[in-house]
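# A structural walkthrough
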Amino acid sequence: MKNKYILLSALAIGFASCEPEFENAVDANYTAGEANFSSYVALGNSLTAGYMDGTVSRGSQVNSYPNLLAQQFALVGGGEFTQPSYADDVNNLGGLMLGGNPIGNTRLVIDASQGRPETIAGASTIEVSNLQAKAFNNMGVPGAKSFHLLASGYGNLAGVSIGQANPYFVRHATTPSATVLQDAMTKNPTFFTNWIGANDVLAYATNGGATSNGNTAAADHNITGNLNPSTYGGNDITNSNVFANAYSTILNTLTNNGSNTVIKGVVCTIPSVTSIPYFTTVPYAPLTPSALGGSTNINALNTQLYGPLDAIFTAYGEPNRINPLSSTSANPILITDVDAVDRSAQITAALTPTLGAPTATAFGAIFGKARQATSADLIVLPASSVIGSTNTSAPSPVNINGVSYPMANKWVLTANEQAKVASATTAYNNIITGLATTINTNAGHTVIAVADMNAIMNHLVTGLRTENGSFYTANYFSGSANEGAVLFSLDGVHPNARGYAVIANEIIKVINREFKANLPLKNASNYPGINIVPVN
C-alpha cells in the first residue's frame with residue numbers, strides 16, 4: 001500500500017518580493033550610498049551557499065543569493081566575489097564523495113514519467129579530499145550552526161568520518177585548524193551579510209525532534225541548560241545563551257576588521273521553520289478506506305489491534321489516544337510520541353491472557369508510546385515514502401508503518417516539539433535584532449541592518465502577487481500552469497534559483513532603505529524554477 005494515498009510533493013522556504021519589469025535600467029542613477037561593497041563577504045549556512053534540491057551543485061551555487069547580490073554590487077563599485085570551486089562537479093549532479101565513497105546525495109529532479117521527485121541518476125564527482133585551501137567571499141557552509149563558525153577543526157579532513165568536521169568547509173578551509181570566521185576575515189570585508197542560526201533549531205525540527213537514531217528524543221538545551229556545544233548532539237536545539245555568545249562574537253568581529261572603519265552589513269532573522277511546506281505537505285490522516293484495503297481489512301485491524309488498544313488506553317483515562325479505524329473517511333496514521341504516557345506495562349498485562357507473555361510483552365514495547373496523529377502534529381516530508389511501507393524489523397502483522405506499526409519519532413513533529421522550536425526561534429531572533437540595535441546605538445548610526453526573513457516567509461505562505469503581476473506561492477508544482485510560480489526546490493527546505501533571486505531582492509531593499517543606496521532589484525522570473533526531466 002506504499003505511497004498509494006499520499007500526494008508526494010516537495011515544498012520549501014520561500015520569500016516573496018516585488019520585482020521591477022527590468023533588472024538594470026539603462027538610465028538609472030545607481031549608487032552604493034553609505035555602503036562600501038569593494039570586498040563583500042557572506043557568512044551563513046546552506047541558504048547562503050546556494051544549496052537547493054538536496055545538495056550544492058555547480059549549477060545551484062551560481063544562483064546563491066550572495067552571488068546575485070554581488071552582481072548588483074558590481075554596478076556601484078563592488079569588487080570580485082569568489083565562491084568555493086565546483087569545477088569538479090562535471091555533470092552538475094552535486095553530492096559529495098569521501099575517498100571515493102558517497103557521503104551526500106546527488107540533487108533531486110522531478111521524474112515526469114513517475115510524477116515525483118527523485119535523486120538524479122549518476123554518481124557525484126565532488127571529492128572532499130581534493131582540498132582547495134582557500135578563503136572565499138561566500139563562506140556559507142551547509143549544515144553549520146552559529147557556534148560552528150567559531151570552531152577550530154571544523155574544516156579538518158580527518159574529522160569528517162567521525163562527525164567532527166563539516167565536509168563542505170573541509171573542501172576549502174585554509175588550514176585544518178582554521179575557523180569559518182577566521183577565513184572570512186582574511187578577505188578584509190568592507191560589507192557583509194550574515195544569515196546564520198537556522199540550523200540551531202532546524203535540525204531538531206526536520207528530524208522530528210529525534211536524535212540520529214530516529215527514535216530517542218533530541219535535547220532542547222534551553223531546557224537542559226547545557227552551555228557546552230561540544231557535547232551537543234547534531235539535532236539538539238542550541239541554548240539561547242550559547243547562540244547569543246556566538247552571534248555576538250561573529251558580529252563584533254565582522255564590524256571591526258582591525259581598522260578604524262566600522263564595517264557595515266545586513267543580518268537576516270531566522271524563519272519560523274514549522275510553517276514551511278516541508279512540515280505541511282503530508283497530511284496527518286492519509287489512510288483512506290481504499291488505501292487500507294477496504295472494509296474487510298479495516299475490520300480485521302480494528303478487531304485485532306485498534307479495538308484492544310483503544311480499550312486499554314480508555315481504561316487508563318485516555319479514550320481518544322487511539323480510536324477504531326473508519327471505513328467511510330480518511331484515518332490518521334499511527335505514530336510514536338516520546339512525550340506520551342508510557343503504557344507498555346498496562347498493554348503487556350492486558351494482552352498476556354490472550355496472547356501469552358512473550359507476544360504481549362512485544363506488543364507493549366511497540367505500542368507503549370503509540371497514539372494516532374492529530375491535526376496538531378506535523379508529518380515531515382520524507383515520511384511520505386515511509387507510510388504504508390513494511391517495517392522489516394517488526395513481526396507480521398504489526399509491521400506496516402503508520403498503519404499497524406507506529407511511525408518512528410523522526411517522522412513527526414508533535415505540538416510539544418513545535419513549541420520548543422518556536423520558543424528557540426523567537427529567542428534567537430530577539431538576540432539578532434537586539435545585538436543589531438545595540439551596535440547601531442553605540443555607533444550613533446546604522447551599522448547593522450536587519451532583513452526580517454521570518455516575516456517575509458510568513459507572507460509567502462498564503463501567496464503574493466508582485467507589482468509586475470507575477471504570482472509566487474507556497475502551492476508546490478501542480479502542472480505546467482503553476483510551474484513558473486514556484487520558488488521552492490525539491491528538498492522541501494531550500495529555495496530554487498528563482499527563490500534565491502527573491503531573497504536577494506529583499507536584502508537589496510533593506511540596503512537601499514538603511515544605507516541610502518540605489519541598487520536595482522533582480523527580476524526573479526529570469527531565473528529557473530523546478531527541474532523536470534522526462535525520464536530519470
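As the structure is a prediction and not an experimental result, all values here were calculated from the model. (Residues numbered from 1 in each chain as written. Predicted model: local features only at pLDDT ≥ 70, side-chain atom pairs only at ≥ 80, totals over all residues. Heavy atoms only, no water.)

## Concerning the layout of surface pockets
Stated formally: Using a grid of 1 Å spacing that covers the protein atoms alone, one calls a set of points a cavity when a 1.4 Å probe fits there but cannot get out, and a pocket when the set is open and has protein on both sides within 12 Å along at least five of seven lines; lining residues are those with an atom within 4 Å of a point. Grid points are joined across faces, edges and corners, and a volume is the space filled by probe spheres set on the points. What counts as a helix is a DSSP run of H or I of at least four residues, what counts as a strand is a run of E of at least two, and both are numbered from the N terminus. Residues are grouped as follows: Ala, Val, Leu, Ile, Met, Phe, Trp, Tyr, Cys and Pro are nonpolar; Asp, Glu, Lys and Arg are charged; all remaining types, including Gly, are polar.
Taken as a whole, the second largest pocket encloses approximately 440 Å³ of empty space. Surrounding the second largest pocket, 24 residues form its lining, L301, Q304, P397, V398 and S404 being those nearest its centre. For the lining of the second largest pocket, the secondary structure elements donating two or more residues are α9 (295–315), α10 (344–355) and α11 (357–367). When residues in the lining of the second largest pocket are grouped by element, the largest group, 7 residues, is from α9. Taken together, the residues of the lining of the second largest pocket sort by class into 16 nonpolar, 8 polar and no charged.

## Quick notes on the pairing of strand β1 (residues 40–44)
This is how it is decided: Only protein chains enter the accessibility calculation, which uses a 1.4 Å probe; a residue whose area is less than 20% of its type maximum is buried, one above 50% is exposed, and one in between is partly exposed. In this analysis, strands are considered paired if DSSP registers two or more bridges between them.
The buried fraction of β1 amounts to 5 of the 5 residues, a majority that puts the element mostly inside the structure. Because side chains alternate across β1, one face comprises the buried residues Y40, A42 and G44, and the other comprises V41 and L43, equally buried. Sheet topology note: the β1/strand β7 (residues 191–195) ladder contains 5 bridges and is parallel. Residue pairing for β7: A42 is matched across the bridge by T193. Of the pairings in the sheet, the one linking β1 to strand β6 (residues 138–140) comprises 3 bridges and is parallel in character. Paired with L43 across the strands is M139, a residue of β6.

## A word on the sheet that holds β7
Heads up, the rule is: Note on method: axes are straight lines fitted to C-alpha atoms, helices fitted across the in-contact stretch only, with angles between N-to-C directions ranging 0 to 180 degrees. Throughout, a residue-residue contact means that at least one pair of heavy atoms, one from each residue, lies within 4.5 Å.
The strand order β6-β1-β7-β8-β13 describes an open sheet built from 5 strands, whose pairing is parallel. The strands lining the two open edges of the sheet, one partner per strand, are β6 and β13 (448–451). Direction aside, the axes of adjacent strands within the sheet are offset by 15° on average. Across the sheet, helix α3 (residues 65–73) lies against β1, β6 and β7, angled at about 160° from β1, the strand it touches most. The strands touched by helix α8 (residues 240–254) within the sheet are β1, β7, β8 (264–268) and β13, with β7 carrying the most contacts at an inclination of about 170°.

## What to know about the side chain of D236
Let me state the cut-off plainly: We count Lys and Arg on the positive side and Asp and Glu on the negative side, and we leave His and both chain ends out. Salt bridges, as used here, are contacts in which a Lys or Arg side-chain nitrogen is within 4 Å of a carboxyl oxygen on Asp or Glu. Polar contact is the term for a pair of N or O atoms within 3.5 Å; when the atoms are in protein, one must be able to donate a hydrogen and the other to accept it, and sequence-neighboring residues count only if both atoms are side-chain atoms.
By secondary structure assignment, the location of D236 is in the loop between α7 (221–224) and α8. Buried charged residue D236 carries no salt bridge. Nearest counter-charge: K145, at 6.8 Å. Among the polar contacts made by the side chain of D236, one reaches the side chain of H221 at a distance of 2.9 Å. Once you skip the residues sitting within four places of it in the chain, D236 turns out to touch K145, D200, A218, A219 and H221.

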